[in-house]
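Examination of the molecular architecture
Single-letter residue listing:
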Amino acid sequence: MTEKEIKSLVGRQRKYFQTGATLPVGTRISALRRLYNAISKHKKEISGALRKDLGKSAFESYMCETGMVLEELSYMLRHTPRLAREKRFRTPLAQFHSKSFRKPSPYGVTLIMSPWNYPFMLTLSPLTDALAAGNTAVVKPSAYSPHTSNVILHILSECFEPQYVAVVTGGRAENTCLLGEHFDYIFFTGSQSVGKEVMRNAAEHLTPITLELGGKSPCIVDQTADLKLAAKRIVFGKYLNCGQTCVAPDYIYCHHSVKDKLVNEITEQIQKQYGRHPLNNPDYGKIINEKHFDRILGLIDKKKLAYGGSYDRETLRIEPAVLDNVIFSDAVMQEEIFGPIMPILTYDSLDEAIRTVNNMPRPLALYFFTSDKAAAKKVTSRCGFGGGCINDTIIHLATTEMGFGGFGESGMGAYHGKVGFDTFSHYKSIVDKKTWIDLPMRYQPYRKINEKMVKFFLK
């Protein structure tokens, strides 16, 4: 799509939004129901596209993408009428007689830019929240997952006219054109480097944004943890989608006394979950492209390779790898891995672990495996991170009842469920003043009695 076409598209959406057509709750519910039905109808096409782009199995595609979008849609179909209502608040005596309320209002024309690692879920979930809140949307999926992008284009074109919801495909040129336009809200999921560019462009128009980024999410394992269960859940979270998950445990930070046993348990779990030859497992995914494939291979230090690490360039698959005796200055610890490599580091005391984590950029997630409730409270209270789990990984984002998002280097803002509705809404605070009485004390000329009355009302 050319710059001129993008400018025209944004203009048509703005004109459509200004008609008020997206405001009625019935219109929003109808849009959400159309989307729900279309996704349900095209589940096979969605699964097939995700298989081509990322090698995902049908089960994983539904569990991590299609099913989560349908859950978000179900939540909004049930709750949008309640969420869209005005809410009354107490009015201070000084404003007698009047009514005070907050009115949720859509921002207007929104831009949703999504990544390639969960290309369907991370496009359609924020879109669901934007539509529930009453916005129009321009959707820009990643060029790295073209098959899924084409399915998204087909589904959304089937459900909506482009002045309501439109899909812009393409790469950097289209991204640049879109970011040059004036949107009322921008929702971006992706890397920190691109997130900074999005923020710079949004600042030109003072456009509010949500940034869902990533980072090196630590997985702390103390000496009281159930190591067998910890290994099982860590392996699931780390190697899901071939490690290409923004909230995957980036590295294991365990107490030195349990390291050797934990490495053995993790090795055993990799074999149980993926088989002794993961490259032959049809349900094990692939790296998105050759560029990332080579980047990930470059992070594997063969001298520290404790398990796995074989690869097949033809299929872009890398076996689950475990690196032992890793230190924080190693190459694998200088960037977010975003691949199937698990570095294992050790600490001597929990205070040391907390200090180390807090001296690093704020991660999107943190996981802590322990049987010590006091230790769990200490870590979750003192460490800075977006969200996480105690004695599990990943699952904190799989709910519509809690917001999901990061802060600092891992992003800003959150979404899912009510929090997602709030993200795409501006809350107007309104006082409805009655006309049958008008207290004179605020008007000039000021008198002593006015001062006494003001102090009485405002004390």
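Above this text sits the structure in question.
Notes on the structure in this doc start here. Just so you know, these numbers come straight off a predicted model, no measurement behind them. (Residues numbered from 1 in each chain as written. Predicted model: local features only at pLDDT ≥ 70, side-chain atom pairs only at ≥ 80, totals over all residues. Heavy atoms only, no water.)

**Description of the overall build of the protein chain**
Going by this rule: A run of H or I in DSSP becomes a helix once it reaches four residues, and a run of E becomes a strand once it reaches two; helices and strands are each numbered from the N terminus. We call two residues in contact whenever any of their non-hydrogen atoms come within 4.5 Å of each other. Using a 1.4 Å probe, the Shrake-Rupley method yields the accessible areas, and only the shown protein chains count as cover for residues. His is not counted here, nor are the chain ends, while Lys and Arg score as positive and Asp and Glu score as negative. In plain terms, the charge of a residue is placed at NZ if it is Lys, CZ if Arg, CG if Asp and CD if Glu.
Secondary structure summary: the protein chain contains 15 helices and 18 strands in total. Seen along its three principal axes, the alpha-carbon backbone of the protein chain occupies a region of about 85 × 50 × 35 Å. Expressed as a percentage of contacts within the protein chain between residues at least 6 apart in sequence, the contacts between residues at least 24 apart total 72%. As presented, the protein chain carries roughly 21,000 Å² of accessible surface, and 54% of it is formed by carbon and sulfur atoms. Of the charged side chains in the protein chain, 60 are positive and 46 negative; the average position of the first set lies 10 Å away from that of the second.

**Some thoughts on the side chain of K140**
Applicable threshold: Three exposure classes are used, based on accessible area relative to the maximum for each residue type with a 1.4 Å probe and protein chains only: buried under 20%, partly exposed in between, and exposed over 50%. Counted as salt bridges are all cases of a side-chain nitrogen of Lys or Arg within 4 Å of a carboxyl oxygen of Asp or Glu. Throughout this description, a polar contact denotes any pair of N or O atoms lying within 3.5 Å of each other; where both atoms belong to protein, one of them has to be capable of donating a hydrogen while the other can accept it, and for residues adjacent in sequence the pair is counted only when both atoms sit in side chains.
Note on placement: K140 falls in strand 4 (residues 136–140). Among buried Asp, Glu, Lys and Arg side chains, K140 stands out as unpaired, with E174 the closest opposite charge at 6.1 Å. Here N175 takes part through its side chain, which lies 3.4 Å from a polar atom of the side chain of K140. In this structure K140 touches I112, M113, S114, V168, T169, G170, G171, E174, N175 and L178, once residues within four positions along its chain are discounted.

**Quick look at the sheet that holds strand 13 (residues 321–323)**
Our working rule: Note on pairing: DSSP must find at least two bridges between two strands before they are called paired. Each axis is a line fitted through C-alpha atoms, and for a helix only the stretch in contact is used; angles between axes span 0 to 180 degrees, taken between their N-to-C directions.
Reading across the sheet, the 7 strands line up as 10-13-14-9-8-15-16 and stay open at both edges, with mixed pairing between neighbours. Each end of this open sheet is capped by a strand with a single partner; those strands are strand 10 (305–307) and strand 16 (387–390). This sheet shows a mean twist of 25° between the axes of neighbouring strands, independent of strand direction. The sheet contacts of helix 10 (residues 259–274) involve strand 8 (218–221), strand 9 (251–255), strand 10, strand 13 and strand 14 (341–347), and relative to strand 14 the element is tilted by about 160°. Packed onto the sheet, helix 12 (residues 350–358) meets strand 8, strand 9, strand 14 and strand 15 (365–369) and runs at close to 155° relative to strand 9.

**What to know about the sheet that holds strand 2 (residues 98–106)**
Remark on secondary structure: sheet strands pair via backbone hydrogen bonds, oriented parallel or antiparallel. Pairing in this open sheet of 3 strands is antiparallel, and the strands run 1-2-18 from one edge to the other. The open sheet has two edge strands with one neighbour each: strand 1 (87–89) and strand 18 (425–433). Sheet twist, expressed as the average angle between the axes of neighbouring strands with direction ignored, equals 30°. For strand 2 and strand 18, the ladder comprises 9 bridges, and the chain directions are antiparallel. Residue P106 lies in a different strand from strand 18, and its bridge partner there is S425.

**A look at the packing of helix 3 (residues 43–54) against helix 4 (residues 58–83)**
So the rule is basically this: Geometric relationships in this document are graded by angle, where less than 35 degrees denotes roughly parallel, more than 145 denotes roughly antiparallel, 65 to 115 denotes roughly perpendicular, and other angles denote oblique.
Contact geometry of helix 3 with helix 4 gives a least axis separation of 9 Å together with a crossing angle of 105°. With respect to helix 4, the axis of helix 3 lies roughly perpendicular. Every residue of helix 4 that contacts helix 3 at K43, I46, S47, L50 and R51 is listed here: A58, S61, Y62, E65 and T66.

**Concerning the packing of aromatic side chains**
Which entries qualify depends on this criterion: Ring geometry is summarised as follows: Phe, Tyr and Trp rings, the Trp one being its six-membered ring, pair when their centres sit within 6.5 Å, and such pairs are stacked at plane angles under 30 degrees, edge-to-face over 60 and tilted between the two.
All told, the structure shown has 15 aromatic pairs when counted by the stated rule. Consider the rings of Y107 and Y185, whose centres lie 4.8 Å apart with planes at 40°: the pair is tilted. Here the residue Y107 occupies a position in the loop between strand 2 and strand 3 (109–113), and Y185 occupies one in strand 6 (residues 185–189), the gap between them amounting to 78 residues. Note on Y185: relative accessible area 5%, which makes it buried. Residues F293 and Y311 carry aromatic rings whose centres are separated by 5.9 Å and whose planes lie at 75° to one another, so their mutual orientation is edge-to-face. With F293 in helix 11 (residues 290–297) and Y311 in strand 11 (residues 311–312), this residue pair connects regions lying 18 residues apart in the sequence.

**Structural notes on the nonpolar core**
The condition is simple: Joining through side-chain atoms within 4.5 Å is the link that ties buried Ala, Val, Leu, Ile, Met, Phe, Trp, Tyr and Cys residues into a set, and such a set is a nonpolar core.
Core analysis: the biggest nonpolar cluster contains 113 residues, and L35, I39, L127, L156 and V221 have the highest contact counts within it. Counting residues per element, this core draws most heavily on helix 4, at 8 residues. Apart from residues lying up to four places away in sequence, I39 is in contact with I46, T66, V69, L70, L73, F120, L124 and I155. Membership of the second largest hydrophobic core comes to 20 residues, among which are V109, M113, F183 and F188.

**Examining the packing of helix 2 (residues 25–41) against helix 5 (residues 121–132)**
Rules: Three categories are distinguished: nonpolar for Ala, Val, Leu, Ile, Met, Phe, Trp, Tyr, Cys and Pro, charged for Asp, Glu, Lys and Arg, and polar for the others, with Gly belonging to the last.
Following both chains from N to C, one finds helix 2 and helix 5 inclined at 155°, their axes separated by 9 Å at the closest point. On the basis of the axis angle, helix 2 is roughly antiparallel to helix 5. Two secondary-structure elements touch here, helix 2 through R28, L32, L35 and I39 and helix 5 through L124, L127, T128, L131 and A132. A breakdown of the residues in the contact of helix 2 with helix 5 according to their chemical character gives 7 nonpolar, 1 polar and 1 charged.

**Here we look at the pattern of salt bridges**
Here the structure, examined in full by the defined rule, presents 19 salt bridges. With a closest N to O distance of 2.9 Å, D294 and R313 form a salt bridge. Here the residue D294 occupies a position in helix 11, and R313 occupies one in the loop between strand 11 and strand 12 (317–318), the gap between them amounting to 19 residues. The class of R313 is partly exposed, set by a relative accessible area of 38%. Between K434 and D432 there is a salt bridge, and its shortest N-O distance comes to 3.7 Å. The network of salt bridges with common partners includes K259, D260 and D324.

**Some words on the side chain of K56**
Locating K56 in the fold gives a position in the loop between helix 3 and helix 4. Residue classification places K56 among the buried residues on the basis of a relative accessible area of 1%. At 2.4 Å, the side chain of K56 forms a polar contact with the side chain of E65. Among the polar contacts made by the side chain of K56, one reaches the main-chain carbonyl oxygen of N117 at a distance of 3.2 Å. The residues contacting K56, other than those within four sequence positions of it, are L50, R51, S61, E65, N117, Y118 and N241.

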